[in-house]
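In case you want the letters, here they are:
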Amino acid sequence: MDRFLQTFFNPVVMAQYTPDIIAGVWVTLQIAAAVIVAGILGGLALACLRSYRIRALNFFIICYADIFRALPPLVVILILYFGFPSIGIQLSGPMVLFIVLAATLAAFAEEIFWAGFSSVEKGQWEAGIATGLGFTRTLAYVALPQAVRLAIPPLVNRVLAITKMTALGSAIGVSEILSSATTAQSFSGSATPLTMSVVAYLVIFLPMVVVARWLESRTAWKKR
Amino acid sequence: MDIFIDQFFNIEIMRKSLPLLLTGLWMTLQLCSAVILLGLIGGLFVALGNMSERRWLRFISIAYTDLFRALPPLVLLIFIYAGLPFAGINISPFAAVVIAFLLNNSSYYAEVYRAGLISVAKGQWEAAQSTGLSPTQTLIHVVLPQAMRNVLPDLLSNTVEVVKLTSLASVISLSELLYNAGMARSVTYNASPLVLAALFYLVLLWPLVRLVSHFQRRLAA
Amino acid sequence: MANRPMLEIVSLEKRFGPNTILKKIDLKVAEGELVFVIGPSGSGKSTMLRCCNRLEEPTSGDIIVDGRNIMAGTRRDLDRMRLQIGMVFQGFHLYPHMTVLKNVTLAQRKALKRTKAEADARAIDMLEQVGMAHKADAYPGELSGGQQQRVAIARSLALDPKVMLFDEPTSALDPELVGSVLKVMKDLKSKGMTMVVVSHEMGFARETADRVVFMDGGVVVEQGTPDEIFGAPKAERTRAFLSRVSG
Ligand SMILES: Nc1ncnc2c1ncn2[C@@H]1O[C@H](COP(=O)(O)OP(=O)(O)OP(=O)(O)O)[C@@H](O)[C@H]1O
Ligand SMILES: [Mg+2]
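Because the structure is a prediction, the values reported are computed rather than measured.

Caption draft 1: Seen up close, the pattern of salt bridges. If you walk through the whole model with that rule in mind, you get 30 salt bridges over all chains. The salt bridge involving C:R50 is made with A:E126; its shortest N-O contact spans 2.6 Å. Taken together, the residues span two chains, with C:R50 in helix 1 (residues 45-52) and A:E126 in helix 6 (residues 122-130). Side by side, C:R50 and A:E126 carry an identical accessibility label, which is buried. C:D77 is the salt-bridge partner of C:R80, the closest N and O atoms lying 3.0 Å from each other. With a gap of three residues between them, C:R80 and C:D77 both fall in helix 2 (residues 75-82), about one helical turn apart. Taken together, the shared-partner salt bridges in this structure form one network comprising A:R50, A:D66, A:R69, A:E110, A:E111 and B:R210.

Caption draft 2: Layout of the side chain of A:E176. Residues and elements named next belong to chain A. Mapped onto the elements, E176 comes out in the loop between helix 7 (134-164) and helix 8 (177-188). For the buried E176, no salt bridge is present, and the opposite-charge side chain at shortest range is K164, 13 Å distant. Polar contacts involving the side chain of E176 include one to the main-chain amide nitrogen of S179, which spans 2.9 Å. Each residue touching E176, except ones within four places of it in the same chain, is listed here: G24, V27, T28, T166, A167, G169, S170 and Y201.

Caption draft 3: Region of the structure containing the arrangement of the chains. Contact analysis covers two pairs of chains in contact, and the most contacts occur between chains A and B. Separated throughout, chain B and chain C approach each other most closely at a C-alpha pair spaced 18 Å apart.

Caption draft 4: Just the sheet that holds strand 6 (residues 85-88) of chain C, in detail. Residues and elements named next belong to chain C. The mixed open sheet is built from six strands, whose spatial order is 6-7-8-3-9-10. The two strands at the open ends of the sheet, each matched to only one other strand, are strand 6 and strand 10 (219-224). With strand direction ignored, the average angle separating the axes of adjacent strands in the sheet is 20°. Note that strand 3 (residues 34-38) and strand 8 (residues 194-198) share four bridges and pair parallel. By the bridge assignment, F36 is partnered in strand 8 with V197. The strands that helix 6 (residues 175-190) touches are strand 3, strand 7 (163-167) and strand 8; relative to strand 8, the one it contacts most, it runs at about 150°.

Caption draft 5: The arrangement of the packing of aromatic side chains in detail. Evaluated as defined, the whole model comprises 13 aromatic pairs over all chains. For the pair A:Y64 and A:F68, a centre-to-centre distance of 5.0 Å together with 40° between the ring planes defines the contact as tilted. Remark: A:F68 and A:Y64 occur in helix 3 (residues 55-70); sequence separation between them is four residues, near one turn of the helix. Geometrically, the ring pair formed by A:Y201 and A:F205 is stacked, given 6.1 Å between the ring centres and 10° between the ring planes. With A:Y201 and A:F205 both in helix 9 (residues 192-223) and four residues apart, the pair spans about one turn of that helix. A relative accessible area of 2% places A:F205 in the buried class. Grouped by ring-pair contacts, the aromatic residues A:F84, B:F4, B:F8 and B:F9 constitute a single cluster. One residue, C:K14, lies across the ring of C:F16, its end atom 4.8 Å from the ring centre. Sitting over the ring of C:Y95, C:R155 keeps its end group 4.6 Å from the ring centre.

Caption draft 6: Fine view of the interface of chain A and chain C. Tallying the contact residues gives 19 residues for chain A and 22 residues for chain C. A combined buried area of about 1700 Å² lies between chain A and chain C, and 61% of that area is made up of carbon and sulfur atoms. On the surface where chain A and chain C come into contact, there are one salt bridge. Contributions of two or more residues to the side of chain A that touches chain C are made by helix 6 and helix 7 of chain A.

Caption draft 7: Just the interface of chain B and chain A, in detail. Facing the 51 residues of chain B at the interface are 52 residues of chain A. The junction of chain B with chain A conceals about 4300 Å² of combined surface from both sides, 71% of it contributed by carbon and sulfur atoms. The residue B:D66 makes a salt bridge to A:R213 at a minimum N-O spacing of 2.7 Å. Taken together, the links from chain B to chain A amount to 10 residue pairs in polar contact (both at pLDDT 80 or more). Elements represented by at least two residues in the side of chain B that touches chain A include exactly helix 1 (2-8), helix 3 (55-70), helix 4 (73-83), helix 5 (93-119), helix 8 (152-165), helix 9 (177-188) and helix 10 (192-220) of chain B. The leading source of residues in the side of chain B that touches chain A is helix 10 of chain B, at 11 residues. For the side of chain B that touches chain A, the residue count by class is 33 nonpolar, nine polar and nine charged.

Caption draft 8: A look at the nonpolar core. Counting residues in hydrophobic clusters, the biggest one holds 120 residues, and the most contacted among them are A:F117, A:L168, A:Y201, B:L74, B:L77, B:V97 and B:F101. With 13 residues, the single largest contributor to this core is helix 5 (residues 93-118) of chain A. Formed by 45 residues, the second largest nonpolar core is a distinct cluster that contains C:F92, C:A136, C:F214 and C:I229.

Caption draft 9: Molecular detail of the environment of C:G73. As for its position among the elements, C:G73 is in the loop between strand 5 (68-69) and helix 2. Expressed as a C-alpha distance, the spacing of C:G73 and C:L55, which sit 18 residues apart in the sequence, is 16 Å.

Caption draft 10: Molecular detail of the confidence of the model for chain B. On average, residues of chain B score 90 in pLDDT, and 99% of them reach the 70 mark or higher. Confidence estimates for the predicted assembly give a pTM of 0.87 and an ipTM of 0.90.

Caption draft 11: Looking closely at the pairing of strand 8 of chain C. Residue and element names in this part refer to chain C. Burial of strand 8 is extensive: five of the five residues sit out of reach of the surface. The alternating pattern of strand 8 places T194, V196 and V198 on one face and M195 and V197 on the opposite face, and all of these are buried. Of the pairings in the sheet, the one linking strand 7 to strand 8 comprises five bridges and is parallel in character. Bridge pairing in strand 8 places F166 opposite V197. Between strand 7 and its parallel partner strand 8, the chain crosses via helix 6, and the hand of that crossover is right-handed.

About the cut-offs
- Residues numbered from 1 in each chain as written.
- Chains lettered and ligands numbered in written order.
- Predicted model: local features only at pLDDT ≥ 70, side-chain atom pairs only at ≥ 80, totals over all residues.
- Heavy atoms only, no water.
- Salt bridge = Lys/Arg side-chain N within 4 Å of Asp/Glu carboxyl O.
- Helix = DSSP H or I, 4+ residues; strand = E, 2+ residues; numbered from the N terminus.
- Buried < 20%, exposed > 50% of the residue type's maximum accessible area, 1.4 Å probe, protein only.
- Lys, Arg positive; Asp, Glu negative; His and termini not counted.
- Polar contact = N/O pair within 3.5 Å; in protein donor to acceptor, adjacent residues only side chain to side chain.
- Contact = heavy atoms within 4.5 Å.
- Pairing = 2+ DSSP bridges.
- Axes fitted to C-alpha atoms, helices over the stretch in contact; angles between N-to-C directions.
- Phe/Tyr/Trp six-rings, centres within 6.5 Å; stacked < 30°, edge-to-face > 60°.
- Lys NZ or Arg CZ within 6 Å of the ring centre and 35° of its normal.
- Buried area = accessible area lost by both parts, 1.4 Å probe.
- Nonpolar A, V, L, I, M, F, W, Y, C, P; charged D, E, K, R; others polar.
- Core = buried A, V, L, I, M, F, W, Y, C linked by side-chain atoms within 4.5 Å.
- pLDDT = per-residue confidence, 0-100.
- Right-handed = clockwise from strand over helix to strand, strands pointing away.

This is the structure:
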């Protein structure tokens, strides 16, 4: 038991590497926030565009959403990070991570918002149009608020899953929590930094999981 | 444009790296079968614990799902693969991947099952048991089939996520599809093998993603 | 009724794929007139109403509201002209995420660009007219069907339409709630509103309608005063339909 504690909860190592881990937390939070904002707004914009039912445009939106839902983000990250410099486009690690995760979240968010739009009754659209609001204002004032309400629980789950992927940054040298921890682990020769990263992630994401659970139980309740 | 094609869609390099990628694909498929199968079974038990009448069992299974939904799978994987040897436990990369993703995915599958089980009306339990079926028989023959049908899109989209997840195994040098593609890239200094790997994932997953959208639309209608 | 026509439907044709649903319909509704439309299911009554504000795009023909053709002009013009055509649906279609007051003020503010004060005042007026002012702060989900339908009528009225179209406004209501909605419609008629009503409430038609139109198979088969149509229908199809609905 003592050895176990020394390996995974060594206080000396903890004290030494806490600043590094905290710096990593900060990087993770910044990238996560940027991804959430860009991804949700991007997905919402795509879903709104899609509701205009312009055929050529919708074809591209659907392909985009399908591809980014089907591709593992790590593959895209590696292509951007290692492939793009050879055609003269240098992107920093954090930038690649942000672009790929935001694009992935946008794809999922588009599908979620679109499902929300699709379940708004046709009569709601007709009522808006018949009262002279026109398509765009009916979209904005009538359909959108109803779609967003439906979209929130699945969206929170997806946001959670994708912001967790900021850990993939460790594969391309972004100094977020996980890479700070693995670096510290190899310097210190102790597993304690890994424990610290686990704790850091739990502190960040456990509240989100609890919120997601609460949102889901609320909507499940309403259905009955 | 030429340089773009040369760097990302270089047929010659793709052809040369194909055998390596195919062995990687085989490993990916093995990983997927192991994680999906175990995840589906493990998730069911966690979900049943979640719906149990015993409070401590409910507590444990909720703690389990929330814990492993909060941890990034890569962190879990690194912790198991790089951390456990410090405690004198050495495991193969394959086992580390399966264990890490099983912990992660059984939690997600459990949530899907739970939603499905809730969606089946209580009357179904009562009706089945009043005809003399045991609780286990009721579960297997009456409740689960309905539950699975109700959450088919979520079950499917979760399975898509598992397949994508296996690409993380490349980080601990397990030679699956992405790892081998990365190897080919570093030997050729050309991103085409990575693009080819992406195409493999697309071929594998695009139909499933389409299917998920299709089911969702049908359920919404 | 020698009044000028408020709504003119001119050789309106509507096809869905190979099926011709409306076959060169002509109908003139004078200012202040209430035209009551009856006909068997699938005869094209709803489609005709929905073509009047282009919720359904006519295949050919013209729709003229107060002298202006809504088939001509830009999209912008269309939205402006839709303001002059009130429409009440069988399913109410109130916005569930807004209070009653917000439901009635939304288009006033966003399409007519009225100020909040103007829109609120007008909304309260209209809600009073339909007897729903006391529920201004309620959400549609908290109201009975009859109450919802009266709010929906107020929502259209608040835009000062020149014509009101009703598509089976009471068909989704419990029998005891039908009366309150019909009463509102009767008030509206007595205030001089031009109305086209598709409905099965024959009693209401006898009392209030100026003219009854019988449609079948996408054409107007017969029209006349309520007494003529209900008392002495000329066409065989009209007689058959009326004997079926009166049981
Ligand atoms: N969007 C559409 N696409 C194809 N056919 C349609 C569409 N809308 C209506 N129809 C067809 O047009 C015909 C007339 O429909 P409409 O709803 O106008 O009839 P109605 O007289 O209002 O009948 P009801 O009394 O049942 O409301 C029907 O045969 C219907 O199937
Ligand atoms: Mg109809």
